[in-house]
Amino acid sequence: LCPTALSTTYWVCAFCVNQHCSTCKRSRSGAKDPMTGKPYSTCPCGSPEYLNSTPPLREDGKSILCQMNKFDDLMAFLAAGDDDFTQVVAVDRSFK
């Protein structure tokens, strides 16, 4: 372990973006998850749905309330404020 590893700040995207509010009510009419082969189901939670086109919109036409369309903006903001900014991508090859 690098001596500075414990003093490094990490930002974890999976815990900072509410993807559920953009996907929970979406019906995929018989579509199946490509990894599990199981049909997608809709969620009955009642959460408001915010898609990229949900008003109010920014000047570039993207929804202000949707959180998933801000990733590029946030990465650019973080990189502009820190010369040592790096992005770490972790992938589970077997999706388990």
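Going by the structure above, here's the rest.
Because the structure is a prediction, the values reported are computed rather than measured.

Asks: Would you mind showing me how to read the pattern of salt bridges here?
Replies: When charged atoms on two side chains of opposite charge get close, those side chains can pair. Scanning all chains against the criterion turns up two salt bridges. With its nearest N and O atoms 2.6 Å apart, the salt bridge here joins Arg58 to Asp60. Under the relative-accessibility criterion, Arg58 is labelled partly exposed at 24%. The class of Asp60 is partly exposed, set by a relative accessible area of 47%. Through salt bridges that share partners, Arg58, Asp60 and Asp73 make up one connected network.

Asks: Is there a simple way to think about a nonpolar patch on the surface in this case?
Replies: Taken together, the side chains of Trp11, Phe71, Leu74 and Phe77 present a nonpolar region at the surface, about 380 Å² in accessible area. By the secondary structure assignment, Phe77 is in helix H2 (residues 71-80). A residue is classified by how much of its surface remains accessible, and Phe77, at 60% relative accessible area, is exposed.

Asks: I keep staring at the state of the cysteines and nothing clicks. Help me out?
Replies: Linking two cysteines covalently via their sulfur atoms produces the bond known as a disulfide. Counting across every chain of the model gives zero disulfides. Cys21 takes part in no disulfide bond, and the closest cysteine sulfur, belonging to Cys66, lies 6.7 Å away. Judged by relative accessible area, Cys66 falls into the buried class, the value being 4%.

Asks: Would you explain the environment of Gly46 in this entry?
Replies: Residue position: Gly46 is located in the loop between helix H1 (20-23) and H2. With a relative accessible area of 54%, Gly46 lands in the exposed category. Along the chain, Gly46 and Leu57 lie 11 residues apart, while their C-alpha atoms are 23 Å from each other.

Asks: Even after reading the chapter, I still don't get the layout of surface pockets, so can you show me in this structure?
Replies: A water-sized probe rolled over the atoms picks out the places where empty space is left. Quantified by volume, the largest pocket comes out at close to 560 Å³. In this structure, the largest pocket is lined by 17 residues; those nearest its centre are Tyr10, Trp11, Thr86, Gln87 and Val88. Looking at the lining of the largest pocket, its residues break down into 11 nonpolar, four polar and two charged.

Here is what the cut-offs are and how they apply
Residues numbered from 1 in each chain as written. Predicted model: local features only at pLDDT ≥ 70, side-chain atom pairs only at ≥ 80, totals over all residues. Heavy atoms only, no water. Salt bridge = Lys/Arg side-chain N within 4 Å of Asp/Glu carboxyl O. Buried < 20%, exposed > 50% of the residue type's maximum accessible area, 1.4 Å probe, protein only. Patch = residues over 30% accessible without salt bridge, like charges linked within 9 Å, V, L, I, M, F, W, Y side chains within 5 Å. Areas by Shrake-Rupley, 256 points an atom, 1.4 Å probe, with all protein chains shown as cover. Helix = DSSP H or I, 4+ residues; strand = E, 2+ residues; numbered from the N terminus. Disulfide = S-S within 2.5 Å. 1 Å grid on protein atoms, 1.4 Å probe; cavity = no way out; pocket = protein on both sides within 12 Å on 5 of 7 lines; lining within 4 Å. Points joined across faces, edges and corners; volume = space filled by probe spheres on them. Nonpolar A, V, L, I, M, F, W, Y, C, P; charged D, E, K, R; others polar.

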